[in-house]
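Below are the chains, spelled out letter by letter.
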Amino acid sequence: TQHRFEGVFDGKGHKVYGAYQVQELKNSWNGLGFFGTIGDSAVVKNIGVENSYVSLSGTIDGQTITTNPHVAVFVGIDYGAIFTNISVSGKVNVSATNASNAAHFAENGCFAGYVAKKFTIVNVVANCEVESAFEKTSTGTSTHSLGGFIGKTEGTGYIENVYSRSKVTNTSTSSGTRLSMRHS
């Protein structure tokens with residue numbers, strides 16, 4: 001099981017350059033980014049993650065691999081943290097196949113892949129390339145959401161002074177792809 005970061009992380013204005021993560025799909029986690037999964041009591045502030053690369057590939061077969069991938073340069077899954085004064089740049093590349101007969105979801109973005117609960121995002125700049133191919137080779141339902149800032153939000157939140165200049169490329173051939181262009 002992937003553990004959630006629940007503390008306070010103050011980068012004190014420092015930047016991390018060239019963070020590089022290349023992963024195959026695993027069942028032990030489903031959030032991939034500088035922070036894999038962040039919980040609702042976390043506060044992250046004053047940090048930059050620049051010129052970074054995050055890549056995920058593999059097949060969800062419904063037996064050995066059943067996870068739903070959520071990928072971004074900064075945070076894979078956010079369960080309601082507070083983010084302030086953050087810059088993010090780099091590339092996200094996801095190439096996954098749903099070969100199971102169950103429903104699976106993939107959310108990919110520059111800043112966050114998936115935001116599940118109430119969140120606060122203030123003073124964030126994001127500039128990434130988000131490339132994604134989520135294929136379906138089975139009868140299972142696949143929903144794929146990708147965006148230049150956040151792949152998918154289900155929570156409500158507060159966003160102020162956010163700038164995203166990201167390029168989103170979807171090469172998925174299966175139906176169910178949703179491009180996230182607006183967050184409010």
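Residues numbered from 1 in each chain as written. Predicted model: local features only at pLDDT ≥ 70, side-chain atom pairs only at ≥ 80, totals over all residues. Heavy atoms only, no water.

## So, the overall build of the protein
Point 1. From N to C terminus, the protein includes zero helices and 16 strands.
Point 2. In the protein, which comprises 184 residues, the share counted as buried stands at 49%.
Point 3. A sequence separation of at least 24 residues applies to 84% of the contacts in the protein between residues at least 6 apart.
Point 4. As displayed, the protein has an accessible area near 8300 Å², and 48% of this comes from carbon and sulfur atoms. (Helix = DSSP H or I, 4+ residues; strand = E, 2+ residues; numbered from the N terminus. Buried < 20%, exposed > 50% of the residue type's maximum accessible area, 1.4 Å probe, protein only. Contact = heavy atoms within 4.5 Å. Areas by Shrake-Rupley, 256 points an atom, 1.4 Å probe, with all protein chains shown as cover.)

## Topic: the pattern of salt bridges
Point 1. Overall, the coordinates contain two salt bridges when judged by the stated rule.
Point 2. K91 is the salt-bridge partner of E131, the closest N and O atoms lying 3.5 Å from each other. Highlighted residues: E131 in strand β11 (residues 119–136) and K91 in strand β8 (residues 82–98), separated in sequence by 40 residues.
Point 3. Classification of E131 as partly exposed rests on a relative accessible area of 25%.
Point 4. The class of K91 is partly exposed, set by a relative accessible area of 26%.
Point 5. The salt bridge involving E154 is made with K152; its shortest N-O contact spans 3.1 Å. (Salt bridge = Lys/Arg side-chain N within 4 Å of Asp/Glu carboxyl O.)

## A short note on the nonpolar core
Point 1. Counting 37 residues, the largest nonpolar core has F74, F83, I86 and F111 as the members making the most contacts within it.
Point 2. Looking at this core, the elements with two or more residues in it are β4 (35–38), β5 (43–60), β8, β10 (112–115) and β11.
Point 3. If one sorts the elements of this core by residue count, β11 sits on top with seven residues.
Point 4. Beyond its immediate sequence surroundings of up to four residues, I86 is in contact with V44, I47, F74, F111, N123, V124 and V125. (Core = buried A, V, L, I, M, F, W, Y, C linked by side-chain atoms within 4.5 Å.)

## Considerations on the sheet that holds strand β7 (residues 75–78)
Point 1. With respect to topology, four strands assemble into an open sheet ordered β4-β7-β10-β13, the strand pairing being parallel. Each of the sheet's edge strands pairs with one partner strand only, and the pair in question is β4 and β13 (150–153). Within the sheet, the average angular offset between the axes of one strand and its neighbour, ignoring direction, is 5°. (Pairing = 2+ DSSP bridges. Axes fitted to C-alpha atoms, helices over the stretch in contact; angles between N-to-C directions.)

## As for the packing of aromatic side chains
The geometry of two aromatic rings is summed up by the distance between their centres and the angle between their planes.
Point 1. For the structure on display, the rule yields ten aromatic pairs.
Point 2. Where F34 meets F35, the ring centres are 5.4 Å apart and the plane angle is 80°; that geometry is what we call edge-to-face.
Point 3. Using a relative accessible area of 9% as the deciding quantity, one classes F35 as buried.
Point 4. Pairing F83 with F111 gives two aromatic rings, centres 5.1 Å apart and planes at 85°, and the pair type is edge-to-face. With F83 in strand β8 and F111 in the loop between β9 (104–109) and β10, this residue pair connects regions lying 28 residues apart in the sequence. This pair shows no difference in class: F83 is buried, exactly as F111 is.
Point 5. Feature note: the residues F5, F9, F34, F35, F74, F83, F111 and F149 constitute an aromatic cluster, connected by ring pairs.
Point 6. Over the ring of Y79 we find R4, and its NZ or CZ is 3.7 Å from the ring centre. (Phe/Tyr/Trp six-rings, centres within 6.5 Å; stacked < 30°, edge-to-face > 60°. Lys NZ or Arg CZ within 6 Å of the ring centre and 35° of its normal.)

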